[in-house]
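In case you want the letters, here they are:
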Amino acid sequence: MRADRLLSIVLLLQSRGRQTAHQLAAELEVSVRTIYRDMQALGTAGIPVYGDTTGYGLVDGYRTQLTGLTAAEARGLVFAELPGVAADLGLAEAVAAAQLKLAAALPDAQRERSARMRQRFHLDTPGWYEDGDSSAHLATLADAVWHQRALAVTYENWTGRAEHRLEPYGLVLKAGKWYLVARAARGLRTFRVSQLRELTVLPDEFTWPDGFDLAAHWHEHITDFRARLVRGEALVRLSPAALELLPHLMGRAVAEAAAAGERQPDGWILARVPIETDSHAEMQFLRLGAQVEVLEPVSLRRRIAATVEELARTYAATTEPR
């Protein structure tokens, strides 16, 4: 809308100082000719703008108070330093407008500090080896969460597909992956957003549960999840080189357990470390190659031995790649 653009021009001039017509046009994604017309409209409306060969500016001392945030802009403030997340949730324009209004409302000294923070600190949520989730349903989910609208979804996991009616309580971004916390037929559950295959917003609204705290619930969920992961332990011998690799390959808990182990005469460490399952532990320990020997449980030792024998047969069969 033109009124929004005119306000944006005033706020840009107020927060950034003198701007050329080309700079304003690029920022607002309009033509330079449109900026010329907008400047005339602002002057006619009594806004003290002036222009010369160096660009447009506001008369010294002029500040507008029209910096109130809209509802969408206020909702988007939590993602002010996460533009990619805001875009996924359909809040990119609202976040940009909110940032501009906040910058315009700040005194000069604080505005400079804010700009310096943006220049020197950056948040990048996905992990090193993944780009994070992408889902066409995110913006719809965010709107349903905000307006407390029930959902009908088709969800797919390793067991297959299932239909659910959900009351969405919140969205959580964890290591670049989106999760939906929602009440289903069997109680409060967590769903991976990228595994939602179909989604329909239902006409009925639900009542927000008294006392529900999304952050507290998520912390409890993560704590319980981590506790359930550790189902046993393995007795292993680790070389000094493996000991250094453990924090990077198998996590802090395994590394700390190994560091507390007993040093053997040959310099290796004998330790009991936590594991999830035999199949998961096999994949983890194979990453250490010959720098680890699994002694117990016998079932895990046999699994690794069988895999190593199969690998040896595969590589011994030919010296040329297939």
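Presented here is a report on the structure given in the accompanying data block. (Residues numbered from 1 in each chain as written. Predicted model: local features only at pLDDT ≥ 70, side-chain atom pairs only at ≥ 80, totals over all residues. Heavy atoms only, no water.)

1. Observations concerning the side chain of Gln284
Test applied: Numbering of helices and strands starts at the N terminus; helices are DSSP runs of H or I of at least 4 residues and strands are runs of E of at least 2. Pairs of residues are marked as contacts when any of their non-hydrogen atoms sit within 4.5 Å.
Relative to the helices and strands, Gln284 is located in helix α12 (residues 278-286). Filtering out sequence-adjacent residues up to four positions away, Gln284 remains in contact with Leu249 and Met250.

2. Some points on the sheet that holds strand β10 (residues 269-275)
Keep this limit in mind: Paired strands, in this sense, are two strands between which DSSP finds at least two bridges. Only the contacting stretch of a helix is used when fitting its axis, a line to C-alpha atoms as for every element, and angles between N-to-C directions run 0 to 180 degrees.
If you trace the four strands from one edge of the open sheet to the other, you get β9-β10-β8-β11, paired in antiparallel fashion. Of all the strands in the sheet, the pair left with one neighbour each is β9 (262-263) and β11 (292-296). Judged from the two bridges that link them, β9 and β10 form a sheet pairing that is antiparallel. Among the inter-strand pairings, Arg263 is bridged to a residue of β10, identified as Ile269. Contacts between α12 and the sheet are confined to β8 (232-238), β10 and β11, with β10 contributing the most and set at about 135° to the helix. Seen against the sheet, helix α13 (residues 298-316) touches β8, β10 and β11 and runs at an angle of roughly 140° to β11.

3. So, the packing of aromatic side chains
Our working rule: Note on aromatic contacts: the rings of Phe and Tyr and the six-membered ring of Trp form a pair at centre separations within 6.5 Å, being stacked when their planes are under 30 degrees apart, edge-to-face when over 60 apart, and tilted otherwise. Relative accessibility thresholds used throughout: buried, under 20% of the residue-type maximum; exposed, over 50%; partly exposed, between the two (1.4 Å probe, protein chains only).
Counting across every chain of the model gives six aromatic pairs. On the basis of an interplanar angle of 40° and a centroid distance of 5.8 Å, the ring pair of Tyr169 and Phe206 is categorised as tilted. Note that Tyr169 is positioned in strand β4 (residues 160-174) and Phe206 in the loop between β7 (196-205) and α9 (214-229), a separation of 37 residues in sequence. Judged by its relative accessible area of 5%, Tyr169 falls in the buried class.

4. Quick look at the sheet that holds β7
Taken in spatial order, the five strands make up an open sheet running β6-β5-β4-β3-β7, and their pairing is antiparallel. Of all strands in the sheet, those bounded by a partner on one side alone are β6 (187-192) and β7. Neighbour-to-neighbour, the strand axes of the sheet open up by a mean angle of 45°, direction not taken into account. The strands that α9 touches are β4, β5 (177-184) and β6; relative to β4, the one it contacts most, it runs at about 115°.

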